[in-house]
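Structural description and commentary
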Amino acid sequence: MSDTVKILSLRFPLLTETEALRIAARMAAAHRPFSVFTPNAEIANRAARSPAFSDLLNRADLLLPDGVGITLAARLRGARLSRMPGIDFAERLLAAAPPRGYRVFLLGARPGVAALAGRELERRFPRVRVCGVQDGYFPPGMRRAVAGAVTAASPDLLFVCLGSPLQEEWIAAFRPPCLAIGLGGALDVWAGCVRRAPDGWQRMGLEWLWRTAKDPARLRRLPALAAFAWRAVLPPVPEKPEKEKKSRAERDFSL
């Protein structure tokens, strides 16, 4: 696989979106436990304050930058990192489904939302079949049963939309035998409950600003973004060289 760039405590592979999609498609075809996490600046800031969460994210088979803050921080370190919002990455993966199609399980959001999202995905992507849905409002005692339902449905892809850090922790704990991707609020978007920013805002990497203007409650996230910005401009701490262990994705799905 490619080299990496370290942003705060997270290591992002220097992949193009085409390369990342190719690796993800191979993982989906393997029907083994693989994970894709897409941290933004807020999540990276949380990871910088939690070694356990940082380690969990760095153990993902693909760690992709969802947010302009991550890509700008990479540029400050002399690296070019392609921005890959999780929802866009998932849609491009579905659009490139193999001829046999993809079986997809949707987990998260309020009751009824995943089913609406599933119908929209099947409408937009003819080679996608939603093989199961589960809302995100189940009690902690049901987590193992939900994991069992996912395994029984035998999906190629599992979209986990429980919000961070819960979605990443759930994927890491239960390791369903498929490609699992943490996608935050994607189900609400696909179900039509939440609108995305206009294309121009997305291209400029300012979707977060547009959504904050539409939902002032998101202002409470600004301190975390400011903390990320402050940490990101500091020079990286030199590390002792060590032999880098290859991830399962690097061993099995190298380009």
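Relevant structure appears above.
First, a word on what this report is: a plain description of the structure on this page. Each chain has its residues counted from 1, running along the sequence as written. Local features in this predicted model are restricted to residues whose pLDDT is 70 or higher, and side-chain atom pairs enter the listing and the counts only when it is 80 or higher, whereas totals over whole chains, interfaces and linings include all residues. To obtain the side-chain values, all non-hydrogen atoms of the structure were used and water was disregarded.

**Quick notes on the side chain of aspartate 188**
- Put simply, DSSP marks the helices as runs of H or I at least four residues long and the strands as runs of E at least two long, and each gets a number from the N terminus on. Residue position: aspartate 188 is located in helix H9 (residues 186-190).
- The exposure class of aspartate 188 is buried, given its relative accessible area of 16%.
- Residue contacts follow a heavy-atom distance rule, with two residues in contact if any of their heavy atoms lie within 4.5 Å. In contact with aspartate 188, not counting residues within four places along its chain, are Ala109, Arg110, Val113, Cys193 and Val194. Under the scheme applied here, a residue whose accessible area is under 20% of the maximum for its type counts as buried, over 50% as exposed, and between as partly exposed, the area being computed with a 1.4 Å probe on protein chains only.

**Side note on the packing of aromatic side chains**
- In this analysis, rings of Phe, Tyr and Trp, with Trp reduced to its six-membered ring, are considered paired at centre separations within 6.5 Å, and the interplanar angle assigns stacked below 30 degrees, edge-to-face beyond 60, and tilted for intermediate values. Scanning the entire structure with this criterion turns up two aromatic pairs.
- With centroids separated by 5.8 Å and ring planes inclined at 40 degrees, the aromatic side chains of phenylalanine 159 and tryptophan 190 adopt a geometry described as tilted. Taken as a pair, phenylalanine 159 in strand S7 (residues 157-161) and tryptophan 190 in helix H9 lie far apart in primary sequence, 31 residues in all.
- Judged by relative accessible area, which is 0%, phenylalanine 159 ranks as buried.
- Among the residues examined, tryptophan 190 registers a relative accessible area of 5% and is labelled buried.
- Relative to phenylalanine 174, the ring of tryptophan 170 has its centre 5.3 Å away and its plane inclined at 45 degrees; by these criteria the two rings are tilted. Taken together, the residues tryptophan 170 and phenylalanine 174, both in helix H8 (residues 166-174) and four residues apart, mark about one turn of the helix.
- Tryptophan 170 sits in the buried class, given a relative accessible area of 3%.
- Phenylalanine 174 gets classed as partly exposed once you look at its relative accessible area, which sits at 22%.

**Looking at the sheet that holds strand S5 (residues 102-108)**
- At least two DSSP bridges between two strands are needed for those strands to be called paired. Taken together, six strands build an open sheet; the order of strands is S4-S3-S8-S7-S5-S6 and the sheet is parallel. Each edge of the open sheet is held by one strand with a lone partner, namely strand S4 (62-63) and strand S6 (128-134).

**Considering the pairing of strand S1 (residues 4-7)**
- Only one face of S1 is covered, namely the one carrying Val5 and Ile7; the face carrying Thr4 and Lys6 has none of its residues buried.
- Looking at chain direction, S1 and strand S2 (residues 10-13) are connected through four bridges and run antiparallel. Directly across from threonine 4, in S2, lies its bridge partner proline 13.
- Counted along the chain from S1 to the antiparallel partner S2, the turn is two residues long, and its residue leucine 8 has a positive phi close to 55 degrees.

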